[in-house]
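Here is how the chains run, residue by residue.
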Amino acid sequence: MQRREFFRSLIKPIQVQREESPLYPPYFKSVQDFGKCEECADKTCVKACEEEIIVIKNGAPSLDFRKSGCTFCDACAYACNEDVLNIDYKRLLPQVRIKEILCLAWNKTVCSMCKDVCLDNAIEFAGFFTPQVNEKCTGCGFCIGVCPTQAIVIGEEG
């Protein structure tokens, strides 16, 4: 059993089922353009994603960070035949945040999995126990999938 599996077996956060708004790939001009995605039979953006984080949700591409994160490789933008995703509209994703109540480190258990996987050094610790997301965060989402308690969220308040 890996460390992450061990911690997940101990702590099962209460999950409120609610409709999440989609987190679109970082290459679009307007949300309204995603209406064109229903015309795309090939779903080329999904096939082009080397990290396999693009899924189709309600007919449009959405990012799912449970297994990996976005490398901003531009492949989905180049693959899009409907001109919904375009390299000219490249942007950062919304910054992640840490739900302190669910975070092992904030609850005095040594865990730095989010920091270990962050390529941008966007998660800083004061000692062992108070991780904070800094301004270097690109919203890539790599930290989300490794968090054993699902304490890291993106584009979510409260």
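In what follows, the structure referred to is the one given above.
Small disclaimer: the values here were computed from a predicted structure and weren't measured.

Novice: Before we go on, may I ask you to explain the packing of aromatic side chains in this structure?
Specialist: Ring pairs (aromatic) are described by centroid distance and by the angle formed between their planes. Taken as a whole, this structure holds 3 aromatic pairs when the rule is applied. Considering the side-chain rings of tyrosine 24 and phenylalanine 28, the 5.6 Å spacing of their centres and the 70° angle between planes classify their relative orientation as edge-to-face. Residue classification places phenylalanine 28 among the buried positions, given a relative accessible area of 12%. Taken together, Tyr24, Phe28 and Phe34 form an aromatic cluster joined through their ring pairs. Seen from the ring of phenylalanine 28, arginine 91 lies directly overhead, with NZ or CZ sitting 4.2 Å from the centre.

Novice: Is there a simple way to explain unusual backbone geometry in this structure?
Specialist: With the exception of glycine, the majority of residues adopt a negative phi angle, and the majority of peptide bonds are in the trans configuration. Residue glutamate 52 is not a glycine yet carries a positive backbone phi of 55°. Here glutamate 52 shows up in the loop between helix H2 (44-48) and strand S1 (54-57). Look at glutamate 52 and you get exposed, because its relative accessible area is 66%. One non-glycine residue, asparagine 121, lies in the positive phi region at around 50°.

Novice: Just checking my understanding: could you explain the nonpolar core for this structure?
Specialist: Taken as a class, soluble globular proteins show a tendency for nonpolar side chains to be buried jointly. Of all hydrophobic cores here, the largest spans 38 residues; its most connected members are Phe34, Phe65, Leu85, Leu93 and Ile152. Breaking this core down by element, the ones donating at least two residues are strand S2 (60-63), helix H3 (75-79), strand S3 (96-98), helix H5 (142-146) and strand S6 (152-154). Once residues within four sequence positions are removed from consideration, leucine 85 is found in contact with Pro25, Tyr27, Phe28, Phe34, Cys45, Cys76, Ala77 and Cys80.

Novice: Teacher, can you tell me more about the state of the cysteines here?
Specialist: Chemically, a disulfide is nothing more than a covalent bond linking the sulfur atoms of two cysteines. Applying the stated criterion across every chain, the model contains 0 disulfides. Cysteine 45 carries a free sulfur, and the closest cysteine sulfur to it, the one in cysteine 37, is 6.3 Å from it. Overall, cysteine 45 belongs to the buried group, its relative accessible area being 9%. Note on cysteine 80: no disulfide assigned, nearest cysteine sulfur contributed by cysteine 37 at a separation of 6.1 Å. In this structure cysteine 80 comes out as buried when scored by relative accessible area, which is 17%.

Novice: Please explain the pairing of S2 as it appears in this structure.
Specialist: Looking down a regular strand, the side chains alternate between one sheet face and the other. Here S2 shows a buried face lined by Ala60 and Ser62 and a second buried face lined by Pro61 and Leu63. What sits between S1 and S2 in their antiparallel hairpin is a turn of 2 residues, with asparagine 58 showing a positive phi close to 55°.

Parameters at a glance
Residues numbered from 1 in each chain as written. Predicted model: local features only at pLDDT ≥ 70, side-chain atom pairs only at ≥ 80, totals over all residues. Heavy atoms only, no water. Phe/Tyr/Trp six-rings, centres within 6.5 Å; stacked < 30°, edge-to-face > 60°. Buried < 20%, exposed > 50% of the residue type's maximum accessible area, 1.4 Å probe, protein only. Lys NZ or Arg CZ within 6 Å of the ring centre and 35° of its normal. Helix = DSSP H or I, 4+ residues; strand = E, 2+ residues; numbered from the N terminus. Core = buried A, V, L, I, M, F, W, Y, C linked by side-chain atoms within 4.5 Å. Contact = heavy atoms within 4.5 Å. Disulfide = S-S within 2.5 Å. Pairing = 2+ DSSP bridges.

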